[in-house]
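The chain contents come next:
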Amino acid sequence: MRIFDETKICDQRLIFGRRLLALVVRFVVLAVTFTGILQAQVDTGTVLGTVVDSTGAAVPKAVVSIKNEDTGLTQQQTVNETGGYIFTALKVGVYTLTGQASGFELEELPHISVNIQQQLVVTITLKPGKVTETVSVSAAQEALQKEDASVGQIVDEHAINNLPLNGRNFTLLAQLAPGTTTAVYDNGHGELQSGTFTANGVITTFNNYLLDGIPNNNLQSDFGDGNAFTILPPPEGLAEFKVETGDYSAEYGRSGGAIVNAVTKSGQNTFFGDIWEFNRNSFFDANDFFLKRAGQPRPPYSRNQFGFSLGGPVNIPHLYHGTNRTFFFVDYSSLRSVQGEAYTSSVPTATEQSSGFTNFTDLLTYQTGTQTDI
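Just so you know, the residues in each chain are numbered from 1, in the order the chain's sequence is written. Owing to the predicted nature of the model, reporting of local features is limited to residues with pLDDT of at least 70; listing and counting of side-chain atom pairs is limited to 80 or more, with chain, interface and lining totals taken over all residues. To obtain the side-chain values, all non-hydrogen atoms of the structure were used and water was disregarded.

Caption draft 1: Local environment of the overall build of the chain. A run of H or I in DSSP becomes a helix once it reaches four residues, and a run of E becomes a strand once it reaches two; helices and strands are each numbered from the N terminus. A tally of regular secondary structure across the chain gives six helices and 21 strands. Burial classes: relative accessible area under 20% of the type maximum marks a residue as buried, over 50% as exposed, and values in between as partly exposed (1.4 Å probe, protein chains only). Expressed as a percentage of the 374 residues in the chain, the buried residues total 35%. Throughout, a residue-residue contact means that at least one pair of heavy atoms, one from each residue, lies within 4.5 Å. Relative to all contacts within the chain whose residues are 6 or more apart in sequence, the contacts with residues 24 or more apart total 63%. Total accessible area computed for the chain in this model is approximately 23300 Å², and 57% of it derives from carbon and sulfur atoms. Accessible areas in this description were obtained via Shrake-Rupley with a 1.4 Å probe; residue shielding takes into account the shown protein chains only.

Caption draft 2: Expanded view of the sheet that holds strand β15 (residues 238–246). Spatially, β10-β15-β16-β13-β14 is the arrangement adopted by the five strands of the open sheet, whose pairing is mixed. Looking at strand neighbours, the two that pair on one side only are β10 (151–156) and β14 (214–215), the edges of this open sheet. Being paired, for any two strands, means DSSP has found at least two bridges between them. Here β15 runs beside strand β16 (residues 259–264); their pairing, made up of six bridges, is antiparallel. Within β16, the residue paired with Leu 238 across the bridge is Thr 264.

Caption draft 3: Structural detail: the side chain of Asp 53. Mapped onto the fold, Asp 53 is located in strand β1 (residues 45–53). Polar contact criterion, stated in full: a pair of N or O atoms within 3.5 Å, where within protein one must be able to donate a hydrogen and the other to accept it, and residues adjacent in sequence count only if both atoms are side-chain atoms. At 2.6 Å, the side chain of Asp 53 and the side chain of Thr 55 are in polar contact. The residues touching Asp 53, leaving out its near neighbours within four places in the chain, are Val 59, Phe 104, Thr 125 and Leu 126.

Caption draft 4: The sheet that holds strand β21 (residues 327–339), seen in detail. The strand order across the open sheet built from three strands is β17-β18-β21, with neighbouring strands paired in antiparallel fashion. Edge positions in the sheet fall to β17 (272–281) and β21, since each has one partner strand and no second. Within the sheet, the average angular offset between the axes of one strand and its neighbour, ignoring direction, is 5°. Note on geometry: axes are lines fitted to C-alpha atoms, helical ones only across the stretch in contact, with angles between N-to-C directions running from 0 to 180 degrees.

Caption draft 5: Here's a closer look at the environment of Leu 109. Tracing the chain through its elements places Leu 109 in strand β6 (residues 106–114). Residue Leu 109 is classed as buried on the basis of its relative accessible area, which comes to 6%. Along the primary structure Leu 109 and Thr 98 are separated by eleven residues, whereas in three dimensions their C-alpha atoms are 6.2 Å apart.

Caption draft 6: Representation of unusual backbone geometry within the structure. Positive phi, close to 55°, is recorded for Ala 89, a residue that is not glycine. With respect to the secondary-structure elements, Ala 89 resides in strand β4 (residues 84–90). Ala 89 sits in the partly exposed class, given a relative accessible area of 39%. Of note, the phi angle at Asn 200 is positive, near 55°, even though the residue is not glycine.

Caption draft 7: Quick look at a nonpolar patch on the surface. Residues Ile 275, Phe 308, Leu 310, Val 330 and Tyr 332 make up a contiguous nonpolar surface patch of about 470 Å² in total accessible area. Where the nonpolar patch is concerned, the elements lending two or more residues are β18 (301–313) and β21. One can find Ile 275 in strand β17. Each patch is built from residues that are more than 30% exposed by relative accessible area and take part in no salt bridge. Like charges join if they lie within 9 Å; nonpolar side chains (Val, Leu, Ile, Met, Phe, Trp, Tyr) join within 5 Å. One side-chain nitrogen of Lys or Arg within 4 Å of one carboxyl oxygen of Asp or Glu is enough to make a salt bridge.

Caption draft 8: Focus on the pattern of salt bridges. Taken as a whole, this structure holds three salt bridges when the rule is applied. Across the pair Glu 157 and Lys 265 runs a salt bridge whose closest N-O atoms are separated by 2.9 Å. Placement of the pair is Glu 157 in helix α2 (residues 157–162) and Lys 265 in the loop between β16 and β17, with a sequence separation of 108 residues. The exposure class of Lys 265 is buried, given its relative accessible area of 15%. Between Arg 168 and Glu 236 there is a salt bridge, with the nearest N and O atoms lying 2.4 Å from each other. With a gap of 68 residues between them, Arg 168 in the loop between α2 and β11 (180–182) and Glu 236 in the loop between β14 and β15 connect regions that are remote in the sequence. When its relative accessible area of 9% is taken as the criterion, Glu 236 is described as buried.

Caption draft 9: The packing of aromatic side chains, seen in detail. Any two rings among Phe, Tyr and Trp, with Trp reduced to its six-membered ring, count as a pair given centres within 6.5 Å; such a pair is stacked if its planes are under 30 degrees apart, edge-to-face if over 60, and tilted if neither. Evaluation of the coordinates by the stated rule reveals nine aromatic pairs. Seen in terms of ring centroids, Phe 271 and Phe 328 are 6.4 Å apart; in terms of plane orientation they differ by 55°. Their pairing is tilted. Of the two residues, Phe 271 is situated in the loop between β16 and β17 and Phe 328 in strand β21; the sequence distance between them amounts to 57 residues. By definition, being over a ring means that NZ of Lys or CZ of Arg is both within 6 Å of the ring centre and within 35 degrees of the ring normal. When the ring centre of Trp 276 is taken as origin, the NZ or CZ atom of Arg 168, which lies over that ring, is 4.1 Å away.

Caption draft 10: Representation of the pairing of β1. β1 sits mainly inside the fold: seven of its nine residues count as buried. Relative to strand β7 (residues 119–121), β1 runs parallel, the two being bridged by three bridges. Across the sheet, Val 47 pairs through a bridge with Leu 120, a residue of β7. In the sheet, β1 pairs with strand β8 (residues 124–126) via three bridges, with the strands oriented parallel. Looking at the pairing, Val 52 lines up with Thr 125 of β8.

Nothing here speaks to function; it is geometry throughout.
In structure tokens form, the structure reads like this:
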């Protein structure tokens, strides 16, 4: 006879459950931490520079802060002994940069745009005066990016939403970058869906597609009519994307061709969104010449692309106010397509159709010549 101590068994189960829960929590924390590190490498920007006085001398112990104008998120740091500061891993957006120090007026530089992988150098010049006084300066960004040697261009939200896109595939806009062209083997259907292109003469399989810093490559492409990417967000869901065709940083890896680095939108303090639909229908099309000649009607065709996007702060009346703290953004898109096929000459004969395509004797009547003619 075996006697079991139920109390010990319950204690062991409780200990095992706690250990398992602790292990799961550690795994989740590590996953979130490393994911943040990986994403911060390629889908964010940097603002750096120095704080100087009117003579150009560095102002040590000055305090610099940067604020996202859409979300209100603020970061702050004290400059080093040479007056230098640097803000890394900044999400794509518009920022306000502020510098202040004892014995100087507060300097404010609003509306600074930060793009993907951009290293923006901004010098803050403080003027002597009272700390309570504020000087607002419109910062003019340099047209020449001296901190980055990569060759490419940024396609912003305005261009994505307003340039014509057949099939609403944003990757087709990558072909506007210098040194790119359509893949020669891509057919009509594949071009609309795959978005493949060559950069600087390198084959399409060496292109690298990124979405929010995560690889978005389709490794099972059939190299002719398949997608080069895995996920295709709607244009309304993108903040911007950058196409780099040469001299890009080694942190990207994998790519020997071009890099298409896209960033999705995020929520902000104001609600925004849209609802959209694009329709093509055979009702609006004229009949084909050959169909009309054969006395056949045009085949049915209907293509509907529709969806919506919505973003803003997470506000729950009387429970939670997420302004400047918690945000959301969601987008949805769908494609419904019905396409008929018309035949004007190559149609099954009556014998073929009635026999389940096992009797092809009718085809022999269309043959000429005899065996001796061969």
